[in-house]
Amino acid sequence: MKDIIINCKECGARIPPELIKKLMNNESIYCERCGIENLPIDFNLQDLKEHLKSKTLNNYKEILKTSGNRFFTMMKSKINEIKEDIELKLKKID
Ligand SMILES: [Zn+2]
């Protein structure tokens, strides 16, 4: 997945990630090269947010891929425990 790239509206210099974060928090930023003010409305921030969301989702998928099996095994044994507990209680009612 490609990283977000935003360029200064005036000189075209690449905006560093920490400034992009500011833009997404609705703050205006100043270009490090030419010093002009770049406003959040100058960019399509909705697109950025979508991009970030899918990136976050992919991160979760990665985490699940690497630790998922262990997690699901844990959950499965937990669910079985609960199931057995419920079945025991049901038997008592009978
Ligand atoms: Zn600039």
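Everything below is about the structure printed above this text.
All values derive from a computational prediction rather than experimental measurement.

**Digging into the overall build of the protein**
Within the protein, the secondary structure is distributed over two helices and two strands. Put simply, the protein runs from its N terminus to its C terminus through helices and strands in the order α-β-β-α. For a compact globule of 94 residues, the expected C-alpha radius of gyration is about 12 Å, and the protein comes in at 24 Å, more than 25% above that figure. When its C-alpha atoms are laid out on the principal axes, the protein stretches across 80 × 25 × 15 Å. Across the protein, every contact between residues at least 6 apart in sequence was considered, and the portion connecting residues at least 24 apart equals 31%.

**A look at the environment of Leu45**
You can see Leu45 is positioned in helix 2 (residues 45-93). Each C-alpha atom, one on Leu45 and one on Asn26, is 9.1 Å from the other, the two residues being 19 residues apart in sequence. If near-sequence neighbours (up to four positions away) are discounted, Leu45 is found in contact with Leu23, Met24 and Pro40.

**Topic: the nonpolar core**
Counting residues in each nonpolar core, the largest one holds six residues, listed as Ile6, Cys8, Ile15, Ile20, Leu23 and Ile29. Beyond its immediate chain neighbours, meaning those up to four positions away, Ile6 contacts Ile15, Ile20 and Phe43.

Criteria and cut-off values
- Residues numbered from 1 in each chain as written.
- Predicted model: local features only at pLDDT ≥ 70, side-chain atom pairs only at ≥ 80, totals over all residues.
- Helix = DSSP H or I, 4+ residues; strand = E, 2+ residues; numbered from the N terminus.
- Rg over C-alpha atoms; globule rule 2.2 N^0.38 Å.
- Contact = placed C-beta atoms within 7 Å.
- Core = buried A, V, L, I, M, F, W, Y, C linked by C-beta atoms within 7 Å.
- Buried ≥ 20, exposed ≤ 12 C-beta atoms within 10 Å, placed from the backbone.

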